[in-house]
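Summary of the model geometry
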Amino acid sequence: MTPSLYTFIDAKDKFAASAISGLAGRTSKPLINAFNQITGNEAEKKATLDQSLRGVLGDQIVEQKASCDDYLALIYISIEAVTEGICSATTPFLLLGDVLDCLPLDQCDKIFSFVEENVSTWKSSTFYSAGKNYLLRVCNDLLRRLSKSQNTVFCGRIQLFLARLFPLSEKSGLNLQSQFNLENITVFNKNEQESTLGQKHTEEKEDGMEVEEGEMGEEEVPAPCSIPIDYNLYRKFWTLQDYFRNPLQCYDKFSWMTFLKYSDETLAVFKSFKLDDMQASKRKLEELRTSAGEHVYFAKFLTSEKLMDLQLSDSNFRRHILLQYLILFQYLKGQVKFKSSNCVLNDDQTTWIEETTKLVHQLLKEIPPEGEKFSAMVEHILNTEENWNSWKNEGCPSFVKERVVDDKPKRPTRKRQAPEDFLGKGPDRKLFMGNDELTRLWNLNADNMEACKSDDREFMPSLDEFFAEAIEQADPTNMVEDEYKVVRNSNYGWRALRLLSRRSPHFFQPTNQKFKSLADYLDSMVSKLAKELPKDIPSEEIKTGEEDDDDNGDNLLKESNDSPSMQNKIVSNQQMDDVAAKLGAKWKTLAVQLEMKASELREIETDSEDVDMQAKLLLVAWQDREGTQATVENLVSALNAASFSQIADNLSEA
């Protein structure tokens, strides 16, 4: 028996009946069962089901018996059918488009609420690629039907939905070429003969006239405006809106002169007639705060001449106009990729824009309430806008940076072992340095470090040998003029300082005497050496920490007959370790006598939790601060003042 052929009409009727049955139970199971029972190609069955769902929806709309909930139920069923794989991914969007095209605007509001609630569904991988263009077309069709002045909130909801649906890098939602909405024309009275400005209105309200919402009663009659308004000010003020609508006019020489003149006069009015808290309708502001957050917004200006004085006295209106100036100036100064090469400002225009920008910000700060805060917020937003402009100029690169993955695994490198003779482990233990002369020098001694310590490597002269000539020239009996003395030689002076730092205790002694030059200082040192060298033991026995690192400078002055007293003896590292170990947790008592700051004590406690280390850090900080005055005598005095007499005695005897 041959299988039955697939019939489009029969399959469509069965799918339609299943859809109606599914609507009654708000489920897609009847559709799934029907799809599995009907024989035929899967692609043909999907196309038939798509047509059936649109047919069922069309019948509901024509009969006008179904409600919005029924339409939404059918769309829900189509979404489940797409998830089950029995329906095309574009079907829910086609159904949405059909519903929104046929329903009035008040019912479209409810349908669009469903669209907003399911934005996560539309952004899923199953629906996004197939339906993004359909959703964009549906939203644009709705925007064409809506009035921007009467359906402002609905239009805003559509724009916010598109912003949530598409990523930031979606170029279809970007104004890449910086085009302007030239259709946004502000209409006002351009015939001076028809103007009513300057005329006194003698009309009075009729008794018993009903006051509609938005009109002012007797108690709300505004005070007479102090701003002198005539037709010229009215015309110039509203003419500026044409420049805000199309900023490219500012690059034309004659248009710029007109804009400059009108702007100066308008800003002069804002500057001359400032608003205070009473004029800024403070009472109305409080009413808005207590009205459950409701706020009324008008998308277009009201350009009636009778409202001019009220508008100029309104803080929100002034802020709106001043903000338009800042946005215009940002475009004129900014770097826009698609801006014509002729659109360049000259130096005078740039200077005027910079000065006017400062004036606009100053006027914003003076407008109550919270003018300073509003001006700072506007400046921050415009600075952020500069980043978006730069991003568009760079071609809107993706915000997501992919991590570079190296597919090739790195091969582990293995060091090649050096030959035995190179490491000096051969029979003659000779190291080859790659050069015959270097190899000879390196292998002169088995242990090069010990060879460097040999007495043969001592090239530093003694004090009496080096300064013998200088001492002889310093004797007045020899009558050597100053300009011929060796201490005047800069090379000799440099070598003398190095030798004194190694072998003379006088080099480290503090002095209040000031020397004009190095030669004067060496003359003083030579005079001291002339008195001491004949009596002292050989100067080679005077050593510093650079020759004996283990002593840490403790024996710097130790071997001299005329060694300095405890008064000039610097506290050594070993002495600080001994004192710190004995102080322990009581180191803060000594810190008071050492006049350490509270911030320094907190830093010490932060650096280490060990009390012995904290005591050591205290002494180190004191030594760094005092320098050459960090002597044993001063430390002993501080210890005695802090009642640490035993520690002070041990330090004095050391």
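1. Here we look at a nonpolar patch on the surface
- On the surface, Met433, Leu438, Leu441, Trp442 and Leu444 cluster together into a nonpolar patch covering about 500 Å² of accessible area.
- For Leu441, the position within the fold is in helix 17 (residues 436-442).
- Residue classification places Leu441 among the partly exposed residues on the basis of a relative accessible area of 43%.

2. Side note on empty space enclosed by the protein
- All told, the structure shown has 3 cavities of 30 Å³ or more when counted by the stated rule.
- Considered as a void within the structure, the largest cavity measures approximately 60 Å³ in volume.
- In terms of lining residues, the largest cavity is bounded by Phe270, Lys274, Leu275, Arg318, Leu322, Leu363, Glu366, Ile367 and Pro368.

3. Some thoughts on the packing of aromatic side chains
- Applying the stated criterion across every chain yields a total of 29 aromatic pairs.
- Judged by centre distance (6.1 Å) and plane angle (40°), the rings of Tyr231 and Tyr234 are tilted. With a gap of 3 residues between them, Tyr231 and Tyr234 both fall in helix 10 (residues 231-245), about one helical turn apart. The same class applies to Tyr231 and to Tyr234, which are both buried.
- An aromatic cluster of at least three residues, connected via ring pairs, comprises Tyr243, Phe244, Trp256, Phe259, Tyr325, Phe329 and Trp352.

4. Things to note about the nonpolar core
- Formed by 55 residues in total, the largest nonpolar core has its most connected members in Trp122, Ile158 and Phe161.
- Per element, the largest residue contribution to this core is 10 residues, and it comes from helix 4 (residues 68-84).
- Once residues lying within four places of it in the same chain are set aside, the contact partners of Trp122 are Ile79, Phe93, Leu96, Phe114, Val115, Phe127, Tyr128, Leu135, Phe161 and Leu165.

5. Notes on the environment of Ala34
- Looking at the secondary structure, you find Ala34 in helix 2 (residues 29-37).
- Sequence separation of Ala34 and Phe15 is 19 residues, and the distance between their C-alpha atoms is 6.6 Å.
- Apart from residues no more than four positions distant in its own chain, Ala34 is found in contact with Phe15 and Ser18.

6. Quick notes on the packing of helix 14 (residues 315-333) against helix 15 (residues 347-366)
- Relative to each other, helix 14 and helix 15 sit at 150°, their axes nearing to 10 Å. Judged on the interaxial angle alone, helix 15 and helix 14 are roughly antiparallel. Considering how the two elements wind past one another, helix 14 and helix 15 form a crossing that is left-handed. Packed against helix 14, whose contacting residues are Arg319, Leu322, Tyr325, Leu326, Phe329, Leu332 and Lys333, the element helix 15 presents Trp352, Ile353, Thr356, Thr357, Val360, His361, Leu363 and Leu364 at the interface.
- When grouped by side-chain class, the residues that make up the contact of helix 14 with helix 15 number 10 nonpolar, 3 polar and 2 charged.

7. Observations concerning helix 11 (residues 253-272)
- The terminal C-alpha atoms of helix 11 lie 29 Å apart, and with 20 residues this matches the ideal 28 Å at 1.5 Å per residue to within 8%.
- Considered for burial, the residues of helix 11 that qualify are Ser255, Trp256, Phe259, Leu260, Tyr262, Ser263, Thr266, Leu267, Val269 and Phe270.
- Looking at where helix 11 begins, the residue whose side-chain oxygen comes 3.4 Å from the main-chain nitrogen of Phe254 is Asp252.

8. Some points on the packing of helix 5 (residues 91-102) against helix 6 (residues 105-117)
- Across the interface, helix 5 lies against helix 6 with an axial gap of 9 Å and an inter-helix angle of 160°. Relative to helix 6, helix 5 is oriented roughly antiparallel. In this structure, the crossing between helix 5 and helix 6 has a hand that is left-handed. From helix 5, Leu96, Val99 and Leu100 reach across to helix 6, where they touch Cys108, Ile111, Phe114 and Val115.
- Class assignment for the residues of the contact of helix 5 with helix 6 results in 7 nonpolar, no polar and no charged.

9. Examining the side chain of Thr439
- Tracing the sequence through the fold places Thr439 in helix 17.
- Accessibility expressed as a relative area gives 6% for Thr439, which makes it buried.
- Beyond its immediate stretch of four places on either side in the chain, Thr439 contacts Lys430, Leu431, Phe432, Met433 and Gly434.

Rules of the game
Residues numbered from 1 in each chain as written. Predicted model: local features only at pLDDT ≥ 70, side-chain atom pairs only at ≥ 80, totals over all residues. Heavy atoms only, no water. Patch = residues over 30% accessible without salt bridge, like charges linked within 9 Å, V, L, I, M, F, W, Y side chains within 5 Å. Areas by Shrake-Rupley, 256 points an atom, 1.4 Å probe, with all protein chains shown as cover. Salt bridge = Lys/Arg side-chain N within 4 Å of Asp/Glu carboxyl O. Helix = DSSP H or I, 4+ residues; strand = E, 2+ residues; numbered from the N terminus. Buried < 20%, exposed > 50% of the residue type's maximum accessible area, 1.4 Å probe, protein only. 1 Å grid on protein atoms, 1.4 Å probe; cavity = no way out; pocket = protein on both sides within 12 Å on 5 of 7 lines; lining within 4 Å. Points joined across faces, edges and corners; volume = space filled by probe spheres on them. Phe/Tyr/Trp six-rings, centres within 6.5 Å; stacked < 30°, edge-to-face > 60°. Core = buried A, V, L, I, M, F, W, Y, C linked by side-chain atoms within 4.5 Å. Contact = heavy atoms within 4.5 Å. Axes fitted to C-alpha atoms, helices over the stretch in contact; angles between N-to-C directions. Parallel < 35°, antiparallel > 145°, perpendicular 65-115°, else oblique. Left-handed = near helix turned anticlockwise from the far one by under 90°. Nonpolar A, V, L, I, M, F, W, Y, C, P; charged D, E, K, R; others polar. Expected span 1.5 Å × (residues − 1). Polar contact = N/O pair within 3.5 Å; in protein donor to acceptor, adjacent residues only side chain to side chain.

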